[in-house]
Amino acid sequence: MSAGPFPLEIIEQIVYYLTHDWDGRGGQKPRLSGTMRIWDRISGAAPYATVNKTWQVAVERETFSFLCLDLGRLAEADAILNKVPRRQKYVRTIRLNVSCATDHWDFGSYDQFIDHNNRVLQDTFEAFLETLSDWTPGPPLELCLDAFALTENGRREIPSDRIPTIGPIELPDPERVLRCGPVHVVTVVGMEPEEPGRTLSATAMCALVARLPAAKCVYMNSLGVGNHHYLQARNGFAQALKTVTHAMDDLFIAGGNFHPSSHPEPPRAPGQHKAEPDALSQVLGVMSLRLQSLDLYDVAISDELFLQHNLPAGMASPAHWARLENLSVYYPIVMASGESLFYWDPSIPDEEEPVIVADPAIQRRYLTAARAALDMPQLQNMVLVADLDFEEDWHKFWYCRNAEGDVPKAIWTSGFGFEPEEEVLEAWRDVARKHSGGTEELEVVISEIEDDV
């Protein structure tokens with residue numbers, strides 16, 4: 001049948017405007033009370049698909065490009081998408097909502113309230129994997145996870161003083177998720193970055209990602225660790241990450257509070273450091289061997305991140321970081337062991353202005369990072385930033401080079417007069433020489449925090 005007087009491109013534009021309106025979330029991504037109106041999807045597009053075949057294709061392409069699914073709607077998706085497989089290739093983004101109960105007063109006990117939300121997460125993940133298990137890989141498909149509860153008026157719950165007492169949502173049985181069949185169509189996995197909601201446990205996130213072997217970009221933000229001791233939380237996260245064995249390009253981890261300063265226990269003072277293996281840094285180091293980009297925010301690391309590691313059997317890779325182009329670490333002022341990396345100079349009298357001192361471990365970190373960078377032939381940026389939390393001071397290192405042949409730079413920016421040792425400088429000069437084939441010398445910049453570098 002003819003498309004009528006309009007070309008396909010015009011019909012697609014008409015369909016877009018017929019299927020969108022202000023505040024058009026349709027209840028699938030409820031907004032916060034008091035927020036501004038937005039232009040978004042509305043329901044009711046089905047009648048336009050009956051005009052003719054061309055309109056049907058245009059409506060289906062627009063309708064199924066963005067799906068909001070929760071446990072209830074996954075059954076509908078199975079009937080609508082799996083019974084008509086051609087519609088699957090139109091899907092570009094799936095928002096997977098974990099619909100939590102709002103208040104524990106609706107349950108017999110607080111434990112029943114927690115168990116209910118955990119079961120919803122378990123059932124949602126399993127239903128999602130089952131629904132998409134037979135989809136054929138096609139265009140890139142992004143999965144965005146969103147866990148939230150609704151207020152009585154249907155608005156998204158805003159975290160309040162009582163919400164932090166609710167720990168992250170856990171999988172009652174992660175092994176059941178790991179036994180689900182893989183889904184090969186998801187290429188990007190992320191979590192709701194803009195609006196507040198409930199947190200997912202690191203173990204739950206890793207279990208889902210492990211069943212998405214085509215996911216090349218994974219963004220884990222706002223991970224929860226519950227009331228576990230930070231070392232227990234770090235070790236648990238390390239074990240969970242080991243289940244993610246497929247090759248990825250980008251890995252982003254933020255907001256997990258996997259460090260001592262996020263828990264009641266005070267960090268150790270200088271000189272009290274007890275060197276112990278750090279499982280999380282080791283696992284992240286192994287994963288970095290297979291990545292193009294690794295970004296860590298608010299995650300304490302040890303120098304084991306920069307050490308050579310042997311990949312497990314079946315995860316063949318060169319012995320060095322053959323693909324790594326970007327490594328960014330924004331770390332707290334304590335190491336995983338509890339040792340303070342920056343502290344007030346104890347020799348300064350109380351009546352004088354305090355001065356920040358960098359522990360010798362910082363020099364060792366820059367030296368270890370440089371030796372690792374020798375085996376990163378594609379490296380373009382390495383950024384190491386300390387979250388000092390001392391008024392407006394901070395401390396940053398940035399090694400940068402680009403494909404245009406600009407002179408490699410090593411930039412230290414600090415508000416308290418930090419000077420890298422000569423051994424550190426020479427190590428980074430060796431990196432520049434190797435990366436440039438011996439044709440370029442390193443440009444070193446050491447500046448105060450106020451300088452614009």
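Keep in mind that what you see is a predicted model, and the values were worked out from it rather than measured.

What follows deals with the overall build of the chain. A tally of regular secondary structure across the chain gives ten helices and 18 strands. Look at the contacts in the chain between residues 6 or more apart in sequence, and 72% of them connect residues 24 or more apart. Carbon and sulfur atoms make up 52% of the accessible area of the chain, which totals about 21,800 Å².

By the criterion of burial, helix α6 (residues 202-210) is predominantly enclosed, with eight of the nine residues buried. Of all the residues in α6, the buried ones are Ala 202, Ala 204, Met 205, Cys 206, Ala 207, Leu 208, Val 209 and Ala 210.

Okay, the pattern of salt bridges next. Using the criterion set out here, one finds twelve salt bridges in the structure. Glu 441 is the partner of Arg 433 in a salt bridge, and the nearest nitrogen-oxygen pair spans 3.4 Å. By relative accessible area, Arg 433 is classed as partly exposed at 27%. Using a relative accessible area of 47% as the deciding quantity, one classes Glu 441 as partly exposed.

Here the focus is the nonpolar core. One recurring pattern in soluble globular proteins: nonpolar side chains tend to sit buried together. Grouped together as the largest cluster of nonpolar side chains are 105 residues, with contacts concentrated most on Phe 128, Met 382 and Trp 428. Dropping the residues within four chain positions of it, Trp 428 is found in contact with Tyr 366, Ala 369, Ala 370, Ala 373, Met 382, Phe 397, Tyr 399, Trp 412 and Leu 442.

Time to look at helix α7 (residues 230-241). For α7, built from twelve residues, the straight-helix expectation of 16 Å at 1.5 Å per residue is met to within 8% by its first-to-last C-alpha distance of 16 Å. Among all positions in α7, only Tyr 230, Ala 233, Arg 234, Phe 237, Ala 238, Ala 240 and Leu 241 are buried. Seen from one end, α7 has its buried residues packed into an arc of 165 degrees, which puts them on one side.

This part takes up the pairing of strand β4 (residues 93-100). With seven of its eight residues buried, β4 lies for the most part within the structure. For strand β3 (residues 66-69) and β4, the ladder comprises four bridges, and the chain directions are parallel. Counted as the bridge partner of Phe 66 is Thr 93 from β4. Crossover handedness for the path β3 to helix α3 (residues 71-81) to β4: right-handed. Relative to strand β5 (residues 142-149), β4 runs parallel, the two sharing eight bridges. What sits directly across from Ile 94, in β5, is Leu 143.

Turning our attention to the confidence of the model for the chain. Chain-level pLDDT for the chain is 81 on average; 76% of the residues reach the 70-or-more range. This stretch, residues 24-28, has a pLDDT under 50; its non-local contacts, to residues over four places away or in other chains, come to 16 contacts. Low confidence marks residues 32-36, where pLDDT is under 50. Its contacts with residues over four positions away, or in another chain, come to seven contacts.

With respect to the helices and strands, the residue Ser 288 is situated in helix α8 (residues 279-288). Accessibility expressed as a relative area gives 3% for Ser 288, which makes it buried. At a separation of 2.6 Å, a polar atom in the side chain of Ser 288 contacts the main-chain carbonyl oxygen of Gly 285. Filtering out sequence-adjacent residues up to four positions away, Ser 288 remains in contact with Leu 294, Trp 321 and Leu 324.

Checked against the element boundaries, Val 209 lands in helix α6. Each C-alpha atom of the pair Val 209 and Val 186 lies 9.6 Å from the other, and the pair is 23 residues apart in sequence. Those residues in contact with Val 209, other than ones at most four positions away along the chain, are Val 189, Val 218, Met 220, Val 244 and His 246.

Let us now look at the environment of Arg 73. Tracing the chain through its elements places Arg 73 in helix α3. For Arg 73, a relative accessible area of 32% gives the class partly exposed. Residues Arg 73 and Leu 96, spaced 23 residues apart in sequence, show a C-alpha to C-alpha distance of 9.9 Å. Separated by 2.9 Å, the side chain of Arg 73 and the backbone oxygen of Cys 68 make a polar contact.

Next up on the list: the packing of helix α9 (residues 360-373) against helix α10 (residues 422-435). Contact pair α9 / α10: the axes reach a minimum separation of 9 Å and the direction vectors enclose 15 degrees. Comparing their axes, α10 and α9 come out roughly parallel. Crossing hand, α9 versus α10: left-handed. Residues Gln 363, Tyr 366, Leu 367, Ala 369, Ala 370, Arg 371 and Ala 373 of α9 form the contact with α10, whose own contacting residues are Glu 423, Val 424, Ala 427, Trp 428, Val 431 and His 435.

Under the defined criterion, the tally for this structure stands at eleven aromatic pairs. Note on Phe 397 and Trp 412: the rings are 4.7 Å apart at their centroids and 45 degrees apart in plane angle, and the pair reads as tilted. Remark: Trp 412 occurs in strand β17 (residues 409-414) and Phe 397 occurs in strand β16 (residues 393-400); sequence separation between them is 15 residues. Judged by relative accessible area, Phe 397 falls into the buried class, the value being 0%. Each ring, one from Phe 397 and one from Trp 428, has its centre 4.9 Å from the other, and the planes form 45 degrees; the classification is tilted. Remark: Trp 428 occurs in helix α10 and Phe 397 occurs in strand β16; sequence separation between them is 31 residues. One cation-aromatic arrangement involves Arg 365 over Tyr 331; the distance from NZ or CZ to the ring centre is 5.0 Å.

Procedures and definitions
- Residues numbered from 1 in each chain as written.
- Predicted model: local features only at pLDDT ≥ 70, side-chain atom pairs only at ≥ 80, totals over all residues.
- Heavy atoms only, no water.
- Helix = DSSP H or I, 4+ residues; strand = E, 2+ residues; numbered from the N terminus.
- Contact = heavy atoms within 4.5 Å.
- Areas by Shrake-Rupley, 256 points an atom, 1.4 Å probe, with all protein chains shown as cover.
- Buried < 20%, exposed > 50% of the residue type's maximum accessible area, 1.4 Å probe, protein only.
- Salt bridge = Lys/Arg side-chain N within 4 Å of Asp/Glu carboxyl O.
- Core = buried A, V, L, I, M, F, W, Y, C linked by side-chain atoms within 4.5 Å.
- Expected span 1.5 Å × (residues − 1).
- Arc of directions from axis to C-beta.
- Pairing = 2+ DSSP bridges.
- Right-handed = clockwise from strand over helix to strand, strands pointing away.
- pLDDT = per-residue confidence, 0-100.
- Polar contact = N/O pair within 3.5 Å; in protein donor to acceptor, adjacent residues only side chain to side chain.
- Axes fitted to C-alpha atoms, helices over the stretch in contact; angles between N-to-C directions.
- Parallel < 35°, antiparallel > 145°, perpendicular 65-115°, else oblique.
- Left-handed = near helix turned anticlockwise from the far one by under 90°.
- Phe/Tyr/Trp six-rings, centres within 6.5 Å; stacked < 30°, edge-to-face > 60°.
- Lys NZ or Arg CZ within 6 Å of the ring centre and 35° of its normal.

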